[in-house]
Amino acid sequence: MASRGETESEATGFRTTKIPDKIYTAELYRLQGELGKLQTWIKDTGARVVVVFEGRDAAGKGGTIKRITEYLSPRAVRIAALPAPTEREKTQWYFQRYIEHLPAVGEMVMFDRSWYNRAGVEKVMGFCTREQYQLFMRQCPIFEQMLVDDGIHLRKYWFSVSDDVQLTRFNKRLHDPLRQWKLSPIDLESITRWEEFSRAKDEMMVHTDTPVAPWHHVASDSKKQARLNMIHHLLSSLPYDDSAAGHPEVKLPERLPSTGYRRPPIAVSKYVPDWASTLVDDPVAH
């Protein structure tokens, strides 16, 4: 039986726990520090890391990616969120446009949706033919085997959310001007085609959950719980050396004596208007 603060996820039967803000903030801060060490290890060793984020719409993939990259260098850690293929790309080998975004030495790339679009959205929505879908299912395990054989650390995460929680998040997006852009026509289709997407996901897992490139499921009815679990798992799955990835000691140099330089007067420069101060000075703004 679930204790106080816990429910059972309708998506997976996984225990969903409400994480207190204090615990979440402290642990996320610790994990982000470890991600900094991981970044140092990747750069120092020339490792190549690919992390695939897949799952239901509104399952929390984007929020997790945001927390991972928040304090990392965009030159070392990149996000690949590809738009719909162009007419030219539609004529290429299916995996070709994804290959362009794979990491070089010393890089980590996170795919916010990936080549698995063909096994999910494209199959359900009829954006690919049956022959194209079947070819993908045969080639995908081979493609991923090639990535791993070439030395790439490949991690695949499926974010699982229950239908009730997904609908609640869609409703929040609908009424939030900061998130309305996230509500696409495909999102609306995912509501009416829940079982079709479920069957497509199950079939995809049968063909692509392989020993060399397994899927890791992330129960995400609780966004905070999902973020902590996923980041912790990613860190624990990579062989970064904690002791060797420390930050070198940095000492700030002393300022040199002035040579008489004077800044130009403010009047000769075009400064951005001080809008922020008007908010403080205007009592109506409070």
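Bear in mind the structure is a predicted one, so any value in this text is a computation, not a measurement.

### Considerations on the packing of helix α7 (residues 163-174) against helix α8 (residues 185-192)
Move 1: Axis separation between α7 and α8 bottoms out at 11 Å; the angle between their running directions is 150°. Put simply, α7 runs roughly antiparallel to α8. Seen from above, α7 lies across α8 with left-handed handedness. Touching Q166, L167, F170 and R173 of α7 are D187, S190 and I191, all from α8.
Move 2: Grouping the constituent residues of the contact of α7 with α8 by class yields three nonpolar, two polar and two charged.

### Quick word on empty space enclosed by the protein
Move 1: Evaluation of the coordinates by the stated rule reveals one cavity of 30 Å³ or more.
Move 2: One number sums up the size of the largest cavity: a volume of about 190 Å³.
Move 3: Along its surface, the largest cavity is lined by 17 residues, and G55, R113, G120, W158 and F197 are the ones closest to its centre.
Move 4: When residues of the lining of the largest cavity are traced back to their parent elements, those giving at least two are β3 (48-55) and α9 (194-208).
Move 5: For the lining of the largest cavity, a count of residues per class yields six nonpolar, six polar and five charged.

### Let's talk about unusual backbone geometry
Move 1: Even without glycine at this site, A58 takes up a positive phi of about 70°.
Move 2: A positive phi angle is found at R113, which is not glycine, with a value near 70°.
Move 3: Assignment of secondary structure puts R113 in the loop between β5 (107-112) and α5 (121-125).

### Looking at the pairing of β5
Move 1: With respect to burial, β5 is a largely interior element, five of its six residues being buried.
Move 2: When β3 meets β5, the two strands line up parallel, connected through six bridges. Opposite R48, over in β5, you have E107 as the bridge partner.
Move 3: As defined by bridge partners, strand β4 (residues 77-80) adjoins β5 across four bridges and the pair is classed as parallel. Paired with A80 across the strands is F111, a residue of β5.

### A few points about the nonpolar core
Move 1: One finds L38, V51, F53, I68, M230 and I231 to be the most contacted residues of the largest nonpolar core, which totals 32 residues.
Move 2: Those elements that provide at least two residues to this core are α1 (21-45), β3, α2 (61-69), β5, β6 (153-160) and α10 (223-237).
Move 3: Among the elements that make up this core, the one with the highest residue count is α1 (seven residues).
Move 4: Residues contacting M230, with those up to four places away along its chain left out, are V51, F53, T64, I68, Y157, F159 and V218.
Move 5: Judged by nonpolar contacts, the second largest core, of 26 residues, contains Y94, F143, I152 and M204.

Reading guide: rules and limits
- Residues numbered from 1 in each chain as written.
- Predicted model: local features only at pLDDT ≥ 70, side-chain atom pairs only at ≥ 80, totals over all residues.
- Heavy atoms only, no water.
- Axes fitted to C-alpha atoms, helices over the stretch in contact; angles between N-to-C directions.
- Helix = DSSP H or I, 4+ residues; strand = E, 2+ residues; numbered from the N terminus.
- Parallel < 35°, antiparallel > 145°, perpendicular 65-115°, else oblique.
- Left-handed = near helix turned anticlockwise from the far one by under 90°.
- Contact = heavy atoms within 4.5 Å.
- Nonpolar A, V, L, I, M, F, W, Y, C, P; charged D, E, K, R; others polar.
- 1 Å grid on protein atoms, 1.4 Å probe; cavity = no way out; pocket = protein on both sides within 12 Å on 5 of 7 lines; lining within 4 Å.
- Points joined across faces, edges and corners; volume = space filled by probe spheres on them.
- Buried < 20%, exposed > 50% of the residue type's maximum accessible area, 1.4 Å probe, protein only.
- Pairing = 2+ DSSP bridges.
- Core = buried A, V, L, I, M, F, W, Y, C linked by side-chain atoms within 4.5 Å.

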